[in-house]
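Survey of secondary and tertiary structure
Below are the chains, spelled out letter by letter.
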Amino acid sequence: IKRVLISILLIFPWVSSANVETWEINTPANYSLSDSATTELFAWVWRLKMLLEHHWAITNWWATLLNNPEWILVEWNYAYVASATSDAIEIIDISNPASPVHLSSIQDWAWWAQLNDPRALVKSWNYLYVAVSASDNLEVIDVSNPASPTHVTNISDWGTIYLNWAAWIDLEWNYLYVTSYQDDALTIFDISTPSSPNFVWSLRAAWWRLDWAQWIKVVWNYAYVVVDRNDSFQVIDVSNPVNPVFAWQLTNWTNWALLDWAYSLDISWNYAYVVSRVSDALEIIDISTPTNPTHTASIADGGTLELNWARAITIEWDYAYIAAHDDDWVQIIDISTPGLPIQVNQITDWWTMELDWATTIQKLWDYIYVWSRMDDWIEVLKVFYDNTSPYILPNNGLVYSWSIDKITTTYWAWNEGTVTYQISKDNWLTWYYLNWSTWTTTTSWVIHSNTPSEINYEIQTFNGLAWWTWEFKWKAFLSSNWSQKVELDKVTVDSTSTKIALKFSQKKSKKGLTK
């Protein structure tokens, strides 16, 4: 009799599998914060909030001429102010932003200067070029010694030189571009000899397209002009300065563009950012094809966003800083995604803050300089990030059964600060940090945390602290030195899991049993 004998051999090998767990920072409910006042989820990134505070202010009194300041140019250690009612250019020493002081000034008719109602100015080398409204002229001032500005020359409205109520001015290469409010024109000057501007050409044909022309920005071969009464954004081809021609325009409500009483603008990369006084809005325009500007997005006054009679704007990196005249507010808008502008922070006129009728705005380094028409003050605001290293903590950890192999931080594109970690393998009942080469428990703050590279270097000794099955969690501290932005995109953890494999082996036997 033949029988088949089946023997079962149980074999217990350790079979491992690699796992990668990624915490995408995109759902606030999935995370806990140590301080919601200083951290925020913004466009799928956890980051430190941009904060604002009053730093200092300087007012119109005694020798300081700041009655109705219309424009400010901030360069290195000096601020050059066009003071409309003072009929003067005021120069302020801002080498110590905590204590700006009057340095010097030059008034209308000083050394034959014509400065009756100066509106805007630019600087090239040692010269200021000023668009002066009531004087209807272009004024040139030597500021090689900022403590003693001197009149050089001026060019007045005459014939085809259209400077009647000169409104705004910009500089590109060796050319000056001046808009005139009453003449509805653009006039171009050659300043290859800086002390002696030479008239090149004026554009006034189809004057209605420049009806009450205001701010102008020139980038490469195109001049971008916002037009007040015409409610439009004009593009002018200036590749040949002796023959500027209209290239295209975008008008109010074209494809939902908000340009009612468009007043000021700034340019960044392929986008123009325009603020409009009646639309109470920031309009974002795609100028990647200058001959076909298109509406991209807009954000308007309403709710907590105060943009009533938005009057001035300046762009730095991925932020727009806006002075809202009638609301007495300064707004910060994140424009890192131009199609999705988002309010970041704001600050208003109160107590020591001097922002009544905020008129114009500029930013240099960590400071915002705001000129308020009603207060006749220059307000200096400090822009900063919290430096107490708040943390974020995921609500769900990673269950694993063998080892944690690596932790990786992915920062957002503009990150400047650092993220450090404490880690836990018992669902955050116990937190660990690496004290030199020893894993140590802690209940402390960021001082007891490590970078991913430090953690990864000793991760195997961390795995030896316990056995079998744990739930791994991390706590991320966002650290800044006040001026650094910190933006965390995602956290990735590589781990290894194990399982027991049962292998069955079958063997046949030909041995017979005899009865």
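Sequence order as written defines the numbering, with residues in each chain counted from 1. Totals for whole chains, interfaces and linings use all residues, but because this is a predicted model, local features are given only for residues with pLDDT of at least 70 and pairs of side-chain atoms are given and counted only at 80 or more. Side-chain numbers here rest on the full set of heavy atoms in the structure, without hydrogens or water.

Once that is clear, we can look at the environment of Pro146. As for its position among the elements, Pro146 is in the loop between strand E12 (137-142) and strand E13 (150-156). Pro146 sits 331 residues away from Phe477 along the chain, and the two C-alpha atoms are 45 Å apart. In what follows, residue pairs with any heavy atoms lying within 4.5 Å of each other are defined as contacts. Not counting residues within four places of it along the chain, the set of residues in contact with Pro146 comprises Tyr78, Tyr80, Ile91, Leu103 and Ser104. Secondary structure elements are taken from DSSP: a helix is a run of H or I of four residues or more, a strand is a run of E of two residues or more, and numbering for both begins at the N terminus.

This paragraph deals with the sheet that holds strand E10 (residues 118-124). As summarised here, the arrangement of the four strands in space is E10-E11-E12-E13, forming an open sheet in which the pairing is antiparallel. Each edge of the open sheet is held by one strand with a lone partner, namely E10 and E13. Taking the axes of each pair of neighbouring strands and ignoring which way they run, one obtains an average angle of 20° across the sheet. A pair of strands is considered paired only if DSSP assigns at least 2 bridges between the two. Axis definition: a line fitted to C-alpha atoms, limited for helices to the stretch in contact. Angles are taken between N-to-C directions and run from 0 to 180 degrees.

This next bit is on a nonpolar patch on the surface. Candidates for patches are residues over 30% relative accessible area with no salt bridge; among them, like charges are joined within 9 Å and nonpolar side chains (Val, Leu, Ile, Met, Phe, Trp, Tyr) within 5 Å. Accessibility throughout is a Shrake-Rupley quantity obtained with a 1.4 Å probe, and a residue counts as covered only by protein chains that appear here. Here, a salt bridge means any side-chain nitrogen of Lys or Arg that lies within 4 Å of a carboxyl oxygen of Asp or Glu. Among the surface-exposed residues, Trp317, Trp412 and Trp414 lie close enough to one another that they form a single nonpolar patch of about 370 Å² accessible area. Here Trp414 shows up in the loop between strand E35 (403-411) and strand E36 (418-424).

With that settled, the discussion passes to the pairing of strand E26 (residues 310-316). Residues in a regular strand project their side chains so that they alternate between the two faces of the sheet. Buried residues dominate E26, accounting for six of its seven residues. The sheet contact formed by E26 and strand E27 (residues 319-324) spans six bridges and is antiparallel. Looking at the pairing, Ala312 lines up with Ala323 of E27. Adjacent in sequence and paired antiparallel, E26 and E27 are bridged by two residues, among which Trp317 carries a positive phi angle near 55°. Only protein chains enter the accessibility calculation, which uses a 1.4 Å probe; a residue whose area is less than 20% of its type maximum is buried, one above 50% is exposed, and one in between is partly exposed.

Once that is clear, we can look at the layout of surface pockets. With a 1 Å grid laid over protein atoms only, a set of points is called a cavity when a 1.4 Å probe fits there but cannot get out and a pocket when it is open yet has protein on both sides within 12 Å along at least five of seven lines; lining residues have an atom within 4 Å of a point. Grid points are joined across faces, edges and corners, and a volume is the space filled by probe spheres set on the points. One number sums up the size of the largest pocket: a volume of about 730 Å³. Lining the largest pocket are 27 residues, and of these Trp71, Leu73, Lys217, Asp266 and Gln362 lie nearest its centre. If you tally residues by element for the lining of the largest pocket, the top one is strand E14 (residues 166-172), at five residues. The space that makes up the second largest pocket amounts to roughly 320 Å³. Around the second largest pocket, the lining comprises 15 residues; the ones closest to its centre are Glu316, Trp317, Glu416, Ser483 and Lys485. Of all the secondary-structure elements, those providing two or more residues to the lining of the second largest pocket are E27 and strand E32 (377-385). Here the nonpolar group is Ala, Val, Leu, Ile, Met, Phe, Trp, Tyr, Cys and Pro; Asp, Glu, Lys and Arg are the charged ones; every other residue, Gly included, is treated as polar. Tallied by class, residues from the lining of the second largest pocket come to eight nonpolar, two polar and five charged.

Among the seven residues of strand E6 (residues 69-75), six are classified as buried, and the element is accordingly described as predominantly covered. Pairing geometry for E6 and strand E7 (residues 78-83), over six bridges, is antiparallel. Bridging from a neighbouring strand, Trp71 pairs with Ala82 of E7. Where E6 folds back on E7, the antiparallel hairpin that results is connected by two residues, among which Trp76 adopts a positive phi of roughly 50°.

Moving on, we get to the packing of aromatic side chains. Pairing of aromatic side chains here covers Phe, Tyr and the six-membered ring of Trp, requires ring centres within 6.5 Å, and sorts the geometry by plane angle: under 30 degrees stacked, over 60 edge-to-face, intermediate tilted. Tallied over the entire structure, the rule returns 24 aromatic pairs. Here the aromatic rings of Trp23 and Trp474 are separated by 5.7 Å at their centres, their planes lie at 90°, and the arrangement is edge-to-face. Of this pair, Trp23 sits in strand E1 (residues 14-24) while Trp474 sits in strand E39 (residues 470-479); the two residues are 451 residues apart in sequence, bridging distant segments of the chain. Trp474 matches Trp23 in its accessibility class, with the two residues each being buried. Seen in terms of ring centroids, Trp173 and Trp220 are 6.4 Å apart; in terms of plane orientation they differ by 55°. Their pairing is tilted. Highlighted residues: Trp173 in the loop between E14 and strand E15 (175-180) and Trp220 in the loop between strand E18 (213-219) and strand E19 (222-227), separated in sequence by 47 residues. Each member of the pair Trp173 and Trp220 is classed as exposed. Members of the aromatic cluster, joined through ring pairs, are Trp23, Tyr31, Trp46, Tyr421 and Trp474.

Turning next to the side chain of His325. Relative to the assigned elements, His325 resides in the loop between E27 and strand E28 (329-334). The definition of a polar contact used here is a pair of N or O atoms within 3.5 Å, where within protein one atom must be able to donate a hydrogen and the other to accept one, and adjacent residues in sequence count solely through side-chain atom pairs. Within polar-contact distance, the side chain of His325 engages the side chain of Asp326 at 2.7 Å. With near-sequence residues (within four places) excluded, His325 lies in contact with Asn308, Trp309, Arg311, Trp357, Ala358, Thr359 and Arg373.

Here the focus is the pattern of salt bridges. Where side chains of opposite charge bring their charged atoms close, a pairing between them can arise. With the rule as written, the count across this model stands at 14 salt bridges. With its nearest N and O atoms 3.9 Å apart, the salt bridge here joins Asp211 to Arg229. Note that Asp211 is positioned in the loop between strand E17 (198-203) and E18 and Arg229 in the loop between E19 and strand E20 (232-237), a separation of 18 residues in sequence. The class for Asp211 is buried, based on a relative accessible area of 12%. Taking the relative accessible area as the measure of exposure, Arg229 reaches 44% and is therefore partly exposed. Look at the salt bridges and you will find they share partners, linking Glu70, Asp117, Arg119, Arg311 and Arg373 into a network.

Another point: the environment of Tyr319. Along the chain, Tyr319 turns up in strand E27. A residue is classified by how much of its surface remains accessible, and Tyr319, at 3% relative accessible area, is buried. As for Tyr319 and Asn450, which are separated by 131 residues in sequence, their C-alpha atoms are 31 Å apart. With residues up to four places along the chain from it excluded, the contact list for Tyr319 reads Arg47, Met50, Thr314, Ile332, Ile333, Asp334, Ile335, Val344, Tyr385, Lys485 and Glu487. A polar contact of 3.4 Å, which involves the side chain of Tyr319, links it to the side chain of Arg47.

Relative to the helices and strands, Arg209 is located in the loop between E17 and E18. A polar side-chain atom of Arg209 sits 3.0 Å from a polar atom in the side chain of Gln234. A distance of 3.4 Å separates the side chain of Arg209 from the backbone oxygen of Trp248, its partner in a polar contact. Residues in contact with Arg209, not counting those within four places in the same chain, are Val227, Asn230, Ser232, Gln234, Phe246, Trp248 and Gln249.

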